[in-house]
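# Topology and contacts: notes
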Amino acid sequence: MQIGEAAARTGLSLRTIRYYEEVGLVKPTARSQGGFRLYTEADLARLELIKRMKPLGFPLEEMRELLELLHPEAESAVPLSEVQRGRLVAFSEAAERRCRELKADLATAEALAATLRERLGAGSTVT
């Protein structure tokens, strides 16, 4: 599929997908005769994974490393080494920690929204 369909299916912008290609996080599997980027389902899965990493604040280099650990370029999946397994554990712990932080931020935002709803419900008018 071309980049437009990949963007529509992942919810990412064309610009974002091109940026991820530019920084080496993803590359189109092929190009058409006209030079258009062509993406496969595996490419979309990689884009979805990048999309899930983004809100957790992983820097680009860590994103590259995590993508390699989760989707090695080799034809057959080789068991993880102890070092690789250790890195995955560290990534998992970082993701869990960031999820807790995001949940706390969400709770704070929800409390503010509730305060605003209460104030609006107390008879004040909005113009």
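Overview of the structure. (Residues numbered from 1 in each chain as written. Predicted model: local features only at pLDDT ≥ 70, side-chain atom pairs only at ≥ 80, totals over all residues. Heavy atoms only, no water.)

### Remarks on the overall build of the protein
Along the backbone of the protein there are five helices and two strands. Order of helices (α) and strands (β) in the protein, N terminus to C terminus: α-α-β-β-α-α-α. On C-alpha atoms alone, the protein measures out to a radius of gyration of 20 Å, which is more than a quarter above the 14 Å that the 2.2 N^0.38 rule sets for 127 residues. Counting only C-alpha atoms, the protein reaches 65 × 45 × 20 Å along its principal axes. Across the 127 residues in the protein, those meeting the buried criterion constitute 22%. Within the protein, contacts between residues separated by at least 24 positions form 46% of all contacts whose residues are at least 6 apart in sequence. Working note: accessible area of the protein is about 8,900 Å², and carbon and sulfur atoms make up 56% of it. Charge centroids of the protein, computed over 19 positive and 19 negative side chains, lie 5 Å from each other. (Helix = DSSP H or I, 4+ residues; strand = E, 2+ residues; numbered from the N terminus. Rg over C-alpha atoms; globule rule 2.2 N^0.38 Å. Buried < 20%, exposed > 50% of the residue type's maximum accessible area, 1.4 Å probe, protein only. Contact = heavy atoms within 4.5 Å. Areas by Shrake-Rupley, 256 points an atom, 1.4 Å probe, with all protein chains shown as cover. Lys, Arg positive; Asp, Glu negative; His and termini not counted. Charge placed at Lys NZ, Arg CZ, Asp CG, Glu CD.)

### Re the environment of Met-53
Among the structural elements, Met-53 can be located in helix H3 (residues 41–53). The buried category is assigned to Met-53, whose relative accessible area is 3%. Through-space distance from the C-alpha of Met-53 to that of Ala-7 is 17 Å; in sequence the pair is 46 residues apart. Apart from the residues within four sequence positions on either side, Met-53 is in contact with Phe-58, Met-63, Leu-66 and Leu-67.

### Quick look at the side chain of Arg-46
Inspection of the secondary structure assignment puts Arg-46 in helix H3. Judged by its relative accessible area of 15%, Arg-46 falls in the buried class. At a separation of 2.6 Å, a polar atom in the side chain of Arg-46 contacts the main-chain carbonyl oxygen of Leu-25. (Polar contact = N/O pair within 3.5 Å; in protein donor to acceptor, adjacent residues only side chain to side chain.)

### Some points on the packing of aromatic side chains
Centre-to-centre distance and the angle between the planes together describe a pair of aromatic rings. Under the criterion given, the structure shown has two aromatic pairs. With centroids separated by 6.1 Å and ring planes inclined at 50°, the aromatic side chains of Tyr-19 and Tyr-20 adopt a geometry described as tilted. Ring geometry for Phe-58 against Phe-91: centres 5.6 Å apart, planes inclined by 70°, an arrangement best described as edge-to-face. With Phe-58 in the loop between H3 and helix H4 (60–70) and Phe-91 in helix H5 (residues 82–121), the pair connects residues that are 33 residues apart, well separated along the chain. Each of the two residues, Phe-58 as well as Phe-91, counts as buried. If you follow Arg-87 out to its NZ or CZ, it ends over the ring of Phe-91, 4.7 Å from the centre. (Phe/Tyr/Trp six-rings, centres within 6.5 Å; stacked < 30°, edge-to-face > 60°. Lys NZ or Arg CZ within 6 Å of the ring centre and 35° of its normal.)

### Digging into the nonpolar core
If you look at the biggest cluster of nonpolar residues, it comprises 23 residues, and the most contacted ones within it are Ile-17, Tyr-20, Leu-25, Leu-47, Ile-50, Met-53 and Phe-58. Secondary-structure elements contributing two or more residues to this core are helix H1 (3–10), helix H2 (14–22), H3, H4 and H5. No other element matches H3, which puts five residues into this core. (Core = buried A, V, L, I, M, F, W, Y, C linked by side-chain atoms within 4.5 Å.)

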